[in-house]
There are 4 protein chains.
Amino acid sequence: MGSPMAHNLLKAGVDLTVWNRTKTKCDPLISLGAKYKPSPEEVAASCDVTFAMLADPQSAVDVACGKHGAANGIGPGKGYVDVSTVDGDTSKLISAQINSTGALFLEAPVSGSKKPAEDGQLIFLTAGDKALYETVGSLLDIMGKSKFYLGDVGNGAAMKLVVNMIMGSMMASFSEGLLLCEKVGLDPDVLVKVVSQGAINAPMYSTKGPSMIQSLYPTAFPLKHQQKDLRLALGLAESVSQSTPIAAAANELYKVAKSHGLSDQDFSAVIEALKSKIQHSENQ
Amino acid sequence: MGSPMAHNLLKAGVDLTVWNRTKTKCDPLISLGAKYKPSPEEVAASCDVTFAMLADPQSAVDVACGKHGAANGIGPGKGYVDVSTVDGDTSKLISAQINSTGALFLEAPVSGSKKPAEDGQLIFLTAGDKALYETVGSLLDIMGKSKFYLGDVGNGAAMKLVVNMIMGSMMASFSEGLLLCEKVGLDPDVLVKVVSQGAINAPMYSTKGPSMIQSLYPTAFPLKHQQKDLRLALGLAESVSQSTPIAAAANELYKVAKSHGLSDQDFSAVIEALKSKIQHSENQ
Amino acid sequence: MGSPMAHNLLKAGVDLTVWNRTKTKCDPLISLGAKYKPSPEEVAASCDVTFAMLADPQSAVDVACGKHGAANGIGPGKGYVDVSTVDGDTSKLISAQINSTGALFLEAPVSGSKKPAEDGQLIFLTAGDKALYETVGSLLDIMGKSKFYLGDVGNGAAMKLVVNMIMGSMMASFSEGLLLCEKVGLDPDVLVKVVSQGAINAPMYSTKGPSMIQSLYPTAFPLKHQQKDLRLALGLAESVSQSTPIAAAANELYKVAKSHGLSDQDFSAVIEALKSKIQHSENQ
Amino acid sequence: MGSPMAHNLLKAGVDLTVWNRTKTKCDPLISLGAKYKPSPEEVAASCDVTFAMLADPQSAVDVACGKHGAANGIGPGKGYVDVSTVDGDTSKLISAQINSTGALFLEAPVSGSKKPAEDGQLIFLTAGDKALYETVGSLLDIMGKSKFYLGDVGNGAAMKLVVNMIMGSMMASFSEGLLLCEKVGLDPDVLVKVVSQGAINAPMYSTKGPSMIQSLYPTAFPLKHQQKDLRLALGLAESVSQSTPIAAAANELYKVAKSHGLSDQDFSAVIEALKSKIQHSENQ
């Protein structure tokens, strides 16, 4: 995800310095004019604003707070924007470390996967230092189509969980509809078309429906991540005693799909959890 | 619903004859040039194609098969298109009666409520005599934006149930998201905006979200009808042993909402089923 | 079920006349002293009280109201006790027919399967004419260990549905526990023992747990009947807008089990619906 | 819980030394012959085997591993038996600390609440050092009616979670049945009686049913603890990708009950989560 975002910044003429654990991954960007520094610390020391995009919470903490991490190079007048998707606690930990140097921190997880990243169509769910939000607004606008400022650190992560909770339930419900069509002799392709015309039309259905009908699940968002987000959202709901029976039922289906070995396929593979084990089922 | 559909036919210059149980409801159409006949029988006798739009299965049967019903006036070379939403069995009953006169029958329930009807943006889910489908295609195109031919009588009703099943689950899931936002201190209006930008954006969320946040549910599609459709869809799924745990969980919420006296409000009032009974809840 | 019940009446010295569609099934009873009549009509004509035990609603109606049915031979001063498990509507239909002859009617579905029938340990859930309930009390006591009078016809059927609804949910929950034990490395046989010692001990768990652990489901109560009862109970709940999310979730599991071809196995086979499709699952 | 257990040991003639954070709570036991020591450290130093019964994981850790905790007084040849209900991780932490002194450790959470504790009818789910299990067997038999040895530390906690998961689902299902009876005009007291006669009879139903019908929930096991155990059990199931839709649906009901302010009432108060908000509901 980080690479197409950086491309878009370069294309817009932004003065960019890059770093990656695997230096060769930076080469295409360097060939397009990006500078390179050998550690997050040196990137942060040489730039006004540092963006971090990491795959998981532990990496996000390491790059921000670890040995040669950004916190060692950053300081007053500078900003750190973490666009990784991490839980609220991790975000607060990084925020505290960055703020302790006098620098500003913005949590900015993105909604959108690879294609929107390439097209500069991401959505940023930001929270933290509002001054930094305003400073980097034009940069976010290069990489995304919209941005939201949500207040205290942790709120960006929470909003993303709520969105992904709804997404997971919708995909499970859509799967029920596709299979029900098949079982009663209706063409599921027509369901995709009918849905695409009405009040419940969501881009996700048109994008993924046709491949789901062919039992193909090319990974855009891994099923195990969708299940993890449902689990975290259920935890969030539990912490405030909010009943979420739909999300709870959906989570069970993603767990079934995981137990079927589909963790690394696209989350639309949840449809497999609703299929019968045997082909010639006896329905009485 | 029937009135705006007739308006659109008249505006397009179609030669139209109307009937309604309450004659005064026909007056606006008559003033625009429609003819009037005092019974479905006489409408069917004087027209090539008769469209029926009734509120419930019993009325649909009465108008087609009852005393002075359309079946008494119809015959070979004519067609009967029922655009009411009825169950498959009712549709088959009417179809058999119409076909027994030598006339053709098309089941054509619409997806879309009052506004799309006015704007000629309905979606027709048709099934039955394909020749009649082709005959009335241009008329359906005046009243709607798309039409699907689904094969045997009963398939139109079944497809509509599947669509409404997904719709009911989506609304329940969206309700969970809105309430979870509120409980954790996020602005639910922002959730509506974020959702509207991404892969799960559905027109329904943007239309109904803002009023749901204000606990207002102006009726476009009554909650009791949404619950009935979920129940019928669950019955359809059961008849083919298709597991639909999301729809089953959603149905329970609509039942709760009904038991709270919300049957005649919009189906978005399902959100009330997820709210705590007491204001100052004790969350431990 | 009827045969062991009749045996117990004979053993107690009751003057008994029997009939079965397949006469040979009556032979063991006849050899023990039972009389035989060639139709329900003649049984009803020659006895003070007629008991009916049929496999399904249609047979119950046929035997009571059909050609040569009991209603033709019954009349004032006689009683008809239907111990079949039928829905409330069927029960009301038979009741009306019997009452119209001047005879009394008692609906008396039994709780308990083959073994309790043999041991005279059935539970009778009766409803209808209270005078008949009192007349046949001593006979019910021979065949069962307890009897309940529940008021209007239909109430016996309804009570049985509620009991079976709870039973279906309990079995699904118990299945979750057995499989969870296995997955985390606990011995499910120990779970059966622990459960049998405490507040949640139910005879069903001790009876069926050991065979469930071996994936054996010898049929005492067919899974398809358990699923049908859940469906009817959900319908009953829906008719009064009572939310029953546990029963709804359980019903989905029985549907899955049916789609796996387990309809005719014992209802404890619902555990199969919760097993992973693949052996070496990838859990991430 | 600790006090009645200690009483039973004293009554059986066991040489007992006690400690409690609030010394006056020990007075009744001291008057019956128990010795007293002013810290867990001194209890452990002066006894062969130390039993700990604490209300929550944090207290269990404090008493075992804190300042003046048991680990400071214990050593080779001695044993530490923690009968508190804690999570597996806490149990492992305490186990490691105790074992590091050369002493043996046994995790032994109990199944059963206050009344079984008084009656010496508890069930011990033990795990850890088997030699200690054998040493204390006769003492466990004084306090309980049965004991299970489950292997590695953590397994006692896990087994208890599975049992409580089933218990929580059963109570939710039973609540559905009681309310469904009321709504359709059946006497829920009769349901309690019918259930008590058959295959699904569990002591819990007979004990709690009558008060549930009167909307009374005197606390034996607090609802918030039942909900916590469901949450932990769902977490356990998730860790091995075991689908548990019934437990997930039940958990949502306990969350609703918590949001209604019922956290400290008995877990049977979950029935309130299924009641309509308004009295004169409109059921359509």
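Residues numbered from 1 in each chain as written. Chains lettered and ligands numbered in written order. Predicted model: local features only at pLDDT ≥ 70, side-chain atom pairs only at ≥ 80, totals over all residues. Heavy atoms only, no water.

## Points about the overall build of chain A
Then, number 1: The helix and strand inventory of chain A stands at 13 helices and eight strands.
Then, number 2: The C-alpha radius of gyration computed for chain A amounts to 21 Å, which stays within 12% of the reference 19 Å derived for 284 residues, consistent with globular compactness.
Then, number 3: Here chain A, with 284 residues, has 58% of them falling under the buried criterion.
Then, number 4: Counting only carbon and sulfur atoms, one obtains 51% of the accessible surface of chain A, whose full area is about 10,700 Å². (Helix = DSSP H or I, 4+ residues; strand = E, 2+ residues; numbered from the N terminus. Rg over C-alpha atoms; globule rule 2.2 N^0.38 Å. Buried < 20%, exposed > 50% of the residue type's maximum accessible area, 1.4 Å probe, protein only. Areas by Shrake-Rupley, 256 points an atom, 1.4 Å probe, with all protein chains shown as cover.)

## Some remarks on the UniProt feature "active site" (unreviewed entry) in chain A
Residues and elements named next belong to chain A.
Then, number 1: Residues annotated by UniProt as "active site" (unreviewed entry) correspond here to Lys160.
Then, number 2: When you line up the elements, Lys160 lands in helix α9 (residues 155-184).
Then, number 3: Not counting chain neighbours up to four residues away, the residues in contact with Lys160 comprise Thr85, Pro109, Val110 and Leu125. (UniProt positions renumbered as here; feature names shortened; annotations may be inferred. Contact = heavy atoms within 4.5 Å.)

## As for the interface of chain C and chain D
Then, number 1: Contacts between the two partners involve 57 residues from chain C and, on the opposite side, 57 residues from chain D.
Then, number 2: Summed over both sides, the interface of chain C with chain D buries roughly 5,100 Å², with 74% coming from carbon and sulfur.
Then, number 3: For the pair chain C and chain D, the number of links is zero salt bridges.
Then, number 4: Remark: the boundary between chain C and chain D carries 18 residue pairs in polar contact (both at pLDDT 80 or more).
Then, number 5: For the side of chain C that touches chain D, the elements supplying multiple residues, two or more each, are β7 (122-128), β8 (144-149), α8 (155-184), α9 (188-195), α10 (203-213), α11 (223-239) and α12 (245-259) of chain C.
Then, number 6: When residues in the side of chain C that touches chain D are grouped by element, the largest group, 20 residues, is from α8(C). (Buried area = accessible area lost by both parts, 1.4 Å probe. Salt bridge = Lys/Arg side-chain N within 4 Å of Asp/Glu carboxyl O. Polar contact = N/O pair within 3.5 Å; in protein donor to acceptor, adjacent residues only side chain to side chain.)

## Some points on the UniProt feature "domain: 6-phosphogluconate dehydrogenase NADP-binding" (unreviewed entry) in chain A
Then, number 1: In this numbering, the UniProt entry assigns the feature "domain: 6-phosphogluconate dehydrogenase NADP-binding" (unreviewed entry) to residues 1-151 of chain A.
Then, number 2: Taken end to end, residues 1-151 of chain A has its terminal C-alpha atoms 25 Å apart, with 40% of it in helix and 21% in strand.

## Here we look at the packing of aromatic side chains
Then, number 1: Applying the stated criterion to the full structure yields 16 aromatic pairs over all chains.
Then, number 2: Ring centres of A:Phe174 and A:Tyr205 lie 4.2 Å apart, and the angle between their planes is 25 degrees; on these two criteria the pair is classed as stacked. One end of the pair, A:Phe174, is in helix α9; the other, A:Tyr205, is in helix α11 (residues 203-213), with 31 residues separating them in the sequence.
Then, number 3: A:Phe174 sits in the buried class, given a relative accessible area of 0%.
Then, number 4: Take A:Tyr205: its relative accessible area is 1%, and that puts it in the buried class.
Then, number 5: With centroids separated by 5.2 Å and ring planes inclined at 40 degrees, the aromatic side chains of C:Tyr133 and C:Tyr149 adopt a geometry described as tilted. Of the two residues, C:Tyr133 sits in helix α7 (residues 130-143) while C:Tyr149 sits in strand β8, which places them 16 residues apart along the sequence.
Then, number 6: The side chain of B:Lys23 reaches across the aromatic face of B:Tyr36, ending 4.9 Å from its centre. (Phe/Tyr/Trp six-rings, centres within 6.5 Å; stacked < 30°, edge-to-face > 60°. Lys NZ or Arg CZ within 6 Å of the ring centre and 35° of its normal.)

## Describing the side chain of C:Lys78
Residue and element names in this part refer to chain C.
Then, number 1: Within the secondary structure layout, Lys78 lies in the loop between α4 (57-65) and β4 (79-82).
Then, number 2: Here Ala44 takes part through its backbone oxygen, which lies 3.3 Å from a polar atom of the side chain of Lys78.
Then, number 3: Not counting residues up to four positions away in its chain, the partners in contact with Lys78 are Ala44, Ala45, Ser46, Cys47, Asp48, Gly73, Ala103 and Leu104.

## Looking at the relation of the copies chain C and chain D
Then, number 1: Note on the identical chains: chain C maps onto chain D by a rotation of 180 degrees and an axial translation of 0.0 Å, with an RMSD of 0.1 Å. Interpreted geometrically, this transformation is the action of a two-fold axis. For chain C, the residue whose C-alpha comes nearest the rotation axis is C:Ala202, separated from it by 2.3 Å.
Then, number 2: The share of interface residues of chain C whose copies in chain D are also at the interface is 100%, consistent with both copies meeting through the same surface. (Least-squares fit on C-alpha atoms with pLDDT ≥ 70 in both.)

## Digging into helix α5 (residues 88-99) of chain B
Residues and elements named next belong to chain B.
Then, number 1: Over its twelve residues, α5 extends 16 Å from the first C-alpha to the last, a length consistent with the 16 Å expected when each residue adds 1.5 Å.
Then, number 2: Every buried residue belonging to α5 is among Gly88, Thr90, Ser91, Ile94, Ser95 and Ile98, and all of these are buried. Each buried residue of α5 sits inside an arc of 155 degrees when the element is viewed along its axis, so together they form one side.
Then, number 3: Next to the buried residues of α5 lie α4 (57-65), β4 (79-82), β5 (104-107) and α8 (155-184). (Expected span 1.5 Å × (residues − 1). Arc of directions from axis to C-beta.)

## A look at helix α12 (residues 245-259) of chain B
All names here are of chain B.
Then, number 1: Along its 15 residues, α12 runs 21 Å from first to last C-alpha, staying within 8% of the 21 Å computed at 1.5 Å per residue.
Then, number 2: Burial runs high along α12: 15 of the 15 residues are buried.
Then, number 3: Among the residues trailing α12, Gly261 stands out with phi positive, at a value near 85 degrees.

## Concerning the interface of chain A and chain B
Then, number 1: Taken together, the 57 residues of chain A in the interface contact 57 residues of chain B.
Then, number 2: Here chain A meets chain B over a buried area of about 5,100 Å², counting both sides, of which 74% is carbon and sulfur.
Then, number 3: If you sort the residues of chain A by the area they bury against chain B, A:Leu180, A:Ile200 and A:Ile246 come out on top, with a joint share of 13%.
Then, number 4: Between chain A and chain B we count zero salt bridges in total.
Then, number 5: Counting across the chain A and chain B interface gives 18 residue pairs in polar contact (both at pLDDT 80 or more).
Then, number 6: Contributions of two or more residues to the side of chain A that touches chain B are made by β7 (122-128), β8 (144-149), α9, α10 (188-195), α11, α12 (223-239) and α13 (245-259) of chain A.
Then, number 7: Broken down by element, the side of chain A that touches chain B gets its largest block of residues, 20 residues, from α9(A).
Then, number 8: Residue composition of the side of chain A that touches chain B, by class: 39 nonpolar, 13 polar and five charged. (Nonpolar A, V, L, I, M, F, W, Y, C, P; charged D, E, K, R; others polar.)

## Examining the environment of D:Phe51
Residues and elements named next belong to chain D.
Then, number 1: Tracing the backbone through its elements, the reader meets Phe51 in strand β3 (residues 49-52).
Then, number 2: The class for Phe51 is partly exposed, based on a relative accessible area of 28%.
Then, number 3: When the C-alpha atoms of Phe51 and Pro245 are compared, they prove to be 37 Å apart, with 194 residues separating the residues in sequence.
Then, number 4: With residues up to four places along the chain from it excluded, the contact list for Phe51 reads Val81, Val83, Val136, Leu139, Leu140 and Met143.

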